[in-house]
Amino acid sequence: MPTAADRAAADRSAVEAALAGLPRVVDLLAARAEEHDRDATFPYQGIEAVHEAGLLTLTVSPRYGGPGGTLADTVRVLAQLGRGDASVAVVTAFTLLQHAAQARRALWPAAGYRRLITESRRGPALVNTLRTEPGDGPGEPPRTLARRDGDGWLLTGRKTYCTGAEALAWMAVTARTDEPEPRVGTFLVRGESEGLEIDPTWDQLGLRASAGHDVVLDRVPVPADLALGLRPVEPAGTDVAEGAEGADRTEEAEEAELARAWHDLALAAVALGVARAAEAWLVRFLNQRTPANLTEPLGTLPRYRCALGEIEAQLIGAEELVAGLAPRVDRGEPDAVARTGPAHLLATRAATAAVQQAVALTGNPGLSRRHPLERYLRDVLSSRVHLASEEAVLEAAGRAALERGTRR
């Protein structure tokens, strides 16, 4: 009979097997990235390649038959996928985050999650949480409405910035009920549900293939067992976790913090992957470009080497920050969890600065649509859509520092 150590070794073997396929997947993504960016078409073949390599289900828990990939594994995967195609990496990230959340705390009903896992064995089964609504503000309850329909619910509303919208197998939609005392929760919706439409609103500067369209729901039916975590609507400004009571409040708060930590580092890794792709292109450019007034390539000049060294130093620092925090979050260290918001901000800043500097060093060629550097710039700038506002991150960090000071 297999021991716990045997099972753990088998799980790591599955993770390592998936990671071994990364280089081939990255090459496949890079070969089609320009086409999908230009036409703003969804990268179905790229997602298929990620799925076939076992990377799309990397974070499925062993108790559901998955390899149980950690946050450290996830960061490693997404940084590499970001080198190939940032849009594929971002879409992959949100599915990995869903499976990781289920591994930590089984919120999906057993039958529903088994169905998702079965679909994932047959082909790519993308999942994302749809929270954002047009014009919503911090702390406001969702305007998407769930009305009673027999034993189930009918959902009506509009969600925006829904990454991967046109290809999602499942959508976890936040909504409030129309009850006399409204409740807020998450409703699991099938991507092909009756009454659900995709409004192709995504026309951004970068991440053009990520299909972050609006999802319009018009009396979309949801069975009662797929309505999760319903709780009374809390006043504006109250954290979701604060709506629970006693031990539930603590558990909800811890899960919310872990979910944010995974999101922060996962999306930071994508941005850093884009920056590394930009640096790799810059290195080739500097090694090959010999202006008419020189006899050697630009890479032989100290000024360019120093500028490249500045890019390298920025990325090393950001990568070490993200890679160092991820295993600490996996170990459940509270200090590490609390630092992922600032880490995401710093990593995104470093990635953006690195790509901008690469463009400045190359001049006109770096801005030409014939080369991928301008796409890397657009993608890294657009990655900020997945970053909390700088003011919110810095205000929270400052508040935490002040609180620490009062305890000394």
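Conventions used here
- Residues numbered from 1 in each chain as written.
- Predicted model: local features only at pLDDT ≥ 70, side-chain atom pairs only at ≥ 80, totals over all residues.
- Heavy atoms only, no water.
- Helix = DSSP H or I, 4+ residues; strand = E, 2+ residues; numbered from the N terminus.
- Expected span 1.5 Å × (residues − 1).
- Buried < 20%, exposed > 50% of the residue type's maximum accessible area, 1.4 Å probe, protein only.
- Core = buried A, V, L, I, M, F, W, Y, C linked by side-chain atoms within 4.5 Å.
- Pairing = 2+ DSSP bridges.
- Axes fitted to C-alpha atoms, helices over the stretch in contact; angles between N-to-C directions.
- Parallel < 35°, antiparallel > 145°, perpendicular 65-115°, else oblique.
- Left-handed = near helix turned anticlockwise from the far one by under 90°.
- Contact = heavy atoms within 4.5 Å.
- Nonpolar A, V, L, I, M, F, W, Y, C, P; charged D, E, K, R; others polar.
- 1 Å grid on protein atoms, 1.4 Å probe; cavity = no way out; pocket = protein on both sides within 12 Å on 5 of 7 lines; lining within 4 Å.
- Points joined across faces, edges and corners; volume = space filled by probe spheres on them.
- Salt bridge = Lys/Arg side-chain N within 4 Å of Asp/Glu carboxyl O.
- pLDDT = per-residue confidence, 0-100.
- Polar contact = N/O pair within 3.5 Å; in protein donor to acceptor, adjacent residues only side chain to side chain.
- Arc of directions from axis to C-beta.

## Examining helix H8 (residues 302–330)
And step 1. For H8, built from 29 residues, the straight-helix expectation of 42 Å at 1.5 Å per residue is met to within 8% by its first-to-last C-alpha distance of 42 Å.
And step 2. Of the positions making up H8, those classed as buried are Tyr-304, Ala-307, Ile-311, Leu-315, Ala-318, Val-322, Leu-325, Ala-326 and Val-329.
And step 3. Just downstream of H8, Gly-332 is the residue with a positive phi angle, here 80°.

## Notes on the nonpolar core
And step 1. The biggest cluster of nonpolar side chains holds 109 residues, and the ones touching the most others in it are Leu-81, Leu-155 and Leu-265.
And step 2. Of the residues forming this core, the biggest block, 18 residues, is contributed by helix H7 (residues 246–288).

## Some remarks on unusual backbone geometry
And step 1. Backbone geometry at Tyr-161 places phi at a positive 55°, although glycine is not the residue there.
And step 2. As for its position among the elements, Tyr-161 is in strand S3 (residues 152–162).
And step 3. For Leu-207, which is not glycine, the phi dihedral falls at a positive 50°.
And step 4. As for its placement among the helices and strands, Leu-207 is situated in the loop between strand S6 (196–199) and strand S7 (213–222).

## Describing the pairing of strand S4 (residues 168–177)
Remember that side chains alternate between the two faces of the sheet whenever the strand is regular.
And step 1. For S4, a buried count of nine out of 10 residues is recorded, marking the element as mostly surrounded by other parts of the structure.
And step 2. As paired elements, strand S1 (residues 126–130) and S4 share five bridges and run parallel to each other. Bridging across to S4, Asn-128 finds its partner in Met-171.
And step 3. For strand S2 (residues 145–149) and S4, the ladder comprises two bridges, and the chain directions are parallel. Across the sheet, residue Ala-146 finds its bridge partner in S4, namely Thr-177.
And step 4. Pairing of S4 with strand S5 (residues 183–190) involves seven bridges; the strand directions are antiparallel. Within S5, the residue paired with Thr-174 across the bridge is Thr-186.
And step 5. Between S4 and S5, which follow one another and run antiparallel, lie five residues.

## Some thoughts on the packing of helix H3 (residues 44–52) against helix H5 (residues 86–104)
And step 1. Running from N to C, H3 and H5 point in directions that differ by 55°, and their axes come no closer than 10 Å. Put simply, H3 runs oblique to H5. At the point where H3 passes H5, the crossing takes the right-handed sense. Within the contact between the two elements, H3 uses Gly-46, Ile-47 and Val-50 and H5 uses Val-88, Val-91 and Thr-92.
And step 2. Class assignment of the residues belonging to the contact of H3 with H5 gives a composition of four nonpolar, two polar and no charged.

## Some words on empty space enclosed by the protein
And step 1. Throughout the structure, instances matching the rule amount to two cavities of 30 Å³ or more.
And step 2. The volume enclosed by the largest cavity comes to roughly 60 Å³.
And step 3. Elements that contribute at least two residues to the lining of the largest cavity include exactly helix H2 (22–39), H5 and helix H11 (373–382).
And step 4. Sorting elements by how many residues they give to the lining of the largest cavity places H2 first, with three residues.
And step 5. Looking at the lining of the largest cavity residue by residue, the class counts come to four nonpolar, two polar and five charged.

## Points about the pattern of salt bridges
And step 1. A complete count under the given rule lists 28 salt bridges for this structure.
And step 2. Linking Glu-312 and Arg-276 is a salt bridge whose minimum nitrogen-to-oxygen distance equals 2.7 Å. Taken together, the positions of Glu-312 in helix H8 and Arg-276 in helix H7 put the pair 36 residues apart, joining distant regions of the chain.
And step 3. You can call Arg-276 buried: its relative accessible area is 9%.
And step 4. With a closest N to O distance of 2.9 Å, Arg-378 and Glu-374 form a salt bridge. A residue pair is termed a helical-turn pair when its members lie 3 or 4 positions apart in one helix, as Arg-378 and Glu-374 do in helix H11 at four residues. With respect to burial, Arg-378 and Glu-374 carry one shared label: buried.

## Considerations on the confidence of the model for the protein chain
And step 1. Summary statistics for the protein chain give a mean pLDDT of 92 and a share of 93% for residues scoring 70 or more.
And step 2. Confidence drops under a pLDDT of 50 for residues 1–7, and excluding neighbours within four residues, the segment shows one contact in the predicted structure.
And step 3. Taken as a whole, residues 239–244 scores under 50 in pLDDT and shows 10 contacts with residues more than four places along the chain or in a different chain.

## Overview of the side chain of Thr-362
And step 1. Tracing the backbone shows Thr-362 in helix H10 (residues 340–362).
And step 2. Within the structure, the side chain of Thr-362 is placed 3.1 Å from the backbone oxygen of Val-359, a separation counted as a polar contact.
And step 3. For Thr-362, the contacting residues outside a window of four places in its chain are Trp-281, Leu-282, Phe-285 and Leu-373.

## Digging into helix H6 (residues 110–122)
And step 1. Between its first and last C-alpha atoms H6 spans 19 Å; for 13 residues at 1.5 Å apiece the expected length is 18 Å, and the two agree.
And step 2. Inspection of H6 places Gly-112, Tyr-113, Leu-116, Ile-117, Glu-119 and Ser-120 among the buried residues, and these make up the whole buried set. One side of H6 carries all its buried residues, which in axial view fall inside an arc of 160°. Turned more than 90 degrees off the buried face of H6, the exposed positions are Ala-110, Arg-114, Arg-121 and Arg-122.
And step 3. Among the structural elements, H3, H5, S1, S4 and S5 are those in contact with the buried residues of H6.

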